[in-house]
Each structure stands twice: as C-alpha cells, then as structure tokens.
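The primary structure of each chain is shown beneath.
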Amino acid sequence: MLIFSTQCASLIIVKFINLVFQYLTFEEAVSKADSNNKHLLLGNGFSIDWKKDIFNYDALFDRADFSGLKVGAQSLFDSLDTKDFEEVIEALHKAKKLIEIYETTDPDLSKKFEDDADNLKEILANTIAKNHPEQPFEISKSEFERSRSFLLNFHGIYALNYDLLLYWVLMHNEDGRKINCDDGFRNSDDDSAEYVVWDNGKAHAQNVFYLHGALHLFDAGTELQKYTWKKTGVRLIEQIRAALSKNLFPLIVAEGRSEEKITHINHSGYLHKALRSFSSIGGSLFIHGHSLSDNDDHIIGLIPETYVNKLFVSFMTNPELPENASKVLKLNSLAQQRKNLISKMTKKKNSRRNELEIYAYDPGTAKVWRE
C-alpha cells in the first residue's frame, strides 16, 4: 500500500510498506546531508539532461551502425520492445544459455547469440564515440558553471555513465573554483607516452571512480591508460575514434545482467578497486539520474553494507505515482536489508551503521546544467 500526504508545496511524505521518506528540493536534500561526508552516484541522467538527443538509448539506436549483426537490428530490438542496448545484450546471453540445452539443427546458433552480444557492446562504444560532442567548448560557460556548482557539493564521485562530460567538467577550472578530484591516473614511467596510467600504488587520494569504465580509459594489458588532450594536443574524442578504428576498445562494462557486469568488474584491477571504494563509503549518498534498475544491482545492492546512513535519490516525478512503484520498492528493500544487517551484528561491529534514512529529491531543482 502506498500512502502520501502533502504537508507543504515542496514536501511530500511517502510510505511504501515500512519505508517513509520525503520528496525534497535538491537544496533541502543537501541541507539534510552530512556536511563533511557526501558522495554522489551518477547515472546516465546526468548526460541526458545536457543533451537528450545524444545520450539516451533511443538516440543511440537511431544512429548506430548495426551492419555487423547476424540479424536485423530492428527486428531484434522490436522483439523485446526496447531500444536499450543492455537489455538486448542480456536477452542474447540468456538465449545462448537456453539454446545450449535444446536440440537444434544449427550447431552454431549458440555462438551467433554470443557473437551478437559482443557485437552490440562494440556498437554501443562506437556509437557513443561517433555521436559524442567533439570538444568541451560545446558546453557553454554557464553550463560548466552550473555543473561544477552541483559537483562541488560532493566529496566522492562514482559514475556509471561512459561519456566524457563528467571528465570535461572536472577538468574545467575557468570559474576559479577548484573541485577536489583525483581519478588515480599518473604520468607513465615512459616520458614519451601520449597517455597517463592508473597507478594503484599512488592512488590513495582517489575520489573519482568510473564504476563501469569510460570512453577515455583503455586496457593495454599490463596497464590501464587514460587518453588526454594535454599529452598530445589532439582532441580526446578524436583519439578515441582513432583507437576504435584500429579495433582497440575502451574499458566499458556494457553487459546486460548485473551478474555479468560483476564478472567483468572482477577481472579489472581498476574496476574492482572502484567497487571496493564504493562499498566502504559512509555519511550521505546521492543517487542522481539513475533508475535503480536490476541491471545495476551489483552496485545498488551494496548500499546496505556500506556505512551510508542517509540516502538521497532523484525522482523525475513524485514518488507516489505508479510509474515509480518499482523504484520505491527497491528502496524499501535496501532499507529492510540494512535493518536485517543491524540485527545480526553486534553493537560494536555496527557502531557506524544506523537504519537507512531515505529521501527523494527532484533532480530538476539541482539545476545541473542550467537555471
């Protein structure tokens, strides 16, 4: 049963089973958060909010080159009634597993499913790079200032999107306000290298993590490289496109199912470190621009085990609307898991964990890109 009552124009109390939380403006949410320990989990809504016609899945589908697939892309996506790449990748992996236990006249059918799942990951990376803004200057001065004002609220940033917008905003400092950010990358021992490398041994102060990788991160086998403009004078997106043309692909986690994503993460030192860092945060966590879909349960499901005691989640519409029922249910589950964890642990071991206080806020009031 979902119950809500309006107390004032900006405050709505929502109760779902045993969960009660408030629908706030972003400013109200920040004022309730821990002043010295705020973290941000950033979803694709951050990028979509800047340019919806570039970063949402409908736009990516319309601009993708699907010529490498075994079947027509339109029929493949239409059969699942979606344009979500990850959803189709997940379906292909499931189909591969099912077909292996059935008799078929085509012994290669299972491999076709697997190949197309891999092809879709490459198509996704290529499409994002192909249609990505060419340079930071496409973001206006006022948009940079607004986005930096938003990010300045946080002490740690965890990103789930692959594009370069967050990186560009963090590197932009023309407004004179320095964001305390360290992504763990350092100069290579090779002075002639046109990239920087992730150095786990020197990344103690790292507070920016790309949980699912990013377009400018490339796994070179013995090291993780980050492409930069500073080292080459070549625009970052051009470097990425050049690498893709040579069949070099960025480190991005585009598997469909959460279980498959965690497998990928566990095979990367950088991604595994990022996940461990997220699992150890405390204080307050803001989840901005993310639907809390099951595909990311390997991230969202860690929240009860963290030391976060106040959770703030963006809702595009009022939480009591039917369209938000699954999202509220997920939050209720997280709150219950925290309660169960507390009940199982001794007071000493659980001294930093309390029951989760969960709040919803309107992302439009955060004014991430514009007033």
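About the thresholds
Residues numbered from 1 in each chain as written. Predicted model: local features only at pLDDT ≥ 70, side-chain atom pairs only at ≥ 80, totals over all residues. Heavy atoms only, no water. Core = buried A, V, L, I, M, F, W, Y, C linked by side-chain atoms within 4.5 Å. Buried < 20%, exposed > 50% of the residue type's maximum accessible area, 1.4 Å probe, protein only. Contact = heavy atoms within 4.5 Å. Salt bridge = Lys/Arg side-chain N within 4 Å of Asp/Glu carboxyl O. Helix = DSSP H or I, 4+ residues; strand = E, 2+ residues; numbered from the N terminus. Phe/Tyr/Trp six-rings, centres within 6.5 Å; stacked < 30°, edge-to-face > 60°. Lys NZ or Arg CZ within 6 Å of the ring centre and 35° of its normal. Pairing = 2+ DSSP bridges. Axes fitted to C-alpha atoms, helices over the stretch in contact; angles between N-to-C directions. Parallel < 35°, antiparallel > 145°, perpendicular 65-115°, else oblique. Nonpolar A, V, L, I, M, F, W, Y, C, P; charged D, E, K, R; others polar. Polar contact = N/O pair within 3.5 Å; in protein donor to acceptor, adjacent residues only side chain to side chain.

Trainee: Hey, could you go over the nonpolar core for me, with residue numbers and the actual values?
Mentor: Of all hydrophobic cores here, the largest spans 105 residues; its most connected members are Leu-41, Phe-66, Leu-120, Phe-278 and Phe-286. Filtering out sequence-adjacent residues up to four positions away, Phe-66 remains in contact with Phe-61, Ala-73, Phe-77, Phe-85, Leu-120 and Ile-123.

Trainee: Lay out the pattern of salt bridges in plain terms, naming residues and giving numbers.
Mentor: A complete count under the given rule lists 10 salt bridges for this structure. For Asp-182, the salt bridge identified is with Arg-186, shortest N-O distance 3.0 Å. Among the salt bridges present, the one from Lys-330 reaches Asp-297, with a minimum N-O distance of 2.9 Å. Remark: Asp-297 occurs in helix H13 (residues 297–300) and Lys-330 occurs in helix H14 (residues 325–344); sequence separation between them is 33 residues. Classification of Lys-330 by relative accessible area gives buried; the value is 14%. A single salt-bridge network, built from bridges that share partners, covers Arg-146, Lys-367 and Glu-371.

Trainee: Describe in detail the packing of aromatic side chains, supporting the description with residues and values.
Mentor: A complete count under the given rule lists 16 aromatic pairs for this structure. Positioned over the ring face of Trp-50 is Lys-51, at 4.5 Å from the centre of the ring. Lying across the ring of Phe-315, Lys-327 places its NZ or CZ 4.5 Å from the centre.

Trainee: I'd like a rundown of the pairing of strand S9 (residues 213–219), residues and numbers included.
Mentor: Along S9, 6 of the 7 residues are buried, which leaves the element largely enclosed by surrounding structure. Bridge count for S9 against strand S11 (residues 250–252) is 2 bridges, and the pairing is antiparallel. Looking across to S11, one finds that Phe-218 is bridged to Pro-250. Taken together, the 3 bridges between S9 and strand S10 (residues 224–227) define a ladder with antiparallel strand orientation.

Trainee: Describe in detail the environment of His-288, supporting the description with residues and values.
Mentor: Topologically, His-288 is positioned in strand S12 (residues 282–288). By relative accessible area, which is 4% here, His-288 ends up buried. The spatial distance from the C-alpha of His-288 to the C-alpha of Leu-40 is 7.3 Å, given a sequence separation of 248 residues.

Trainee: Tell me about the packing of helix H11 (residues 258–266) against helix H12 (residues 269–279), and please be specific about residues and values.
Mentor: Here H11 crosses H12 at 115 degrees, and the two axes come no closer than 6 Å. Considering the angle they form, H11 stands roughly perpendicular to H12. Two secondary-structure elements touch here, H11 through Ile-262, His-264, Ile-265 and Asn-266 and H12 through Leu-271, His-272 and Leu-275. Across the contact of H11 with H12, the residue classes break down as 4 nonpolar, 3 polar and no charged.

Trainee: Give a description of the environment of Thr-306 that names residues and reports values.
Mentor: The residue Thr-306 is located in the loop between H13 and strand S13 (307–314) in this model. Measuring from C-alpha to C-alpha, the distance between Thr-306 and Phe-278 comes to 7.8 Å, with 28 residues separating the pair along the chain. Beyond its immediate sequence surroundings of up to four residues, Thr-306 is in contact with Phe-278, Ser-279, Ile-281, Arg-338 and Arg-353. A distance of 3.2 Å separates the side chain of Thr-306 from the backbone nitrogen of Val-308, its partner in a polar contact.

Trainee: How would you sum up the sheet that holds S10? Please name residues and give values.
Mentor: The strand order S6-S7-S10-S9-S11 describes an open sheet built from 5 strands, whose pairing is antiparallel. Each edge of the open sheet is held by one strand with a lone partner, namely strand S6 (185–187) and S11. Mean inter-strand twist for the sheet, computed between neighbouring axes without regard to direction, equals 50 degrees. Pairing of S6 with strand S7 (residues 195–198), which is carried by 3 bridges, proceeds in the antiparallel orientation.

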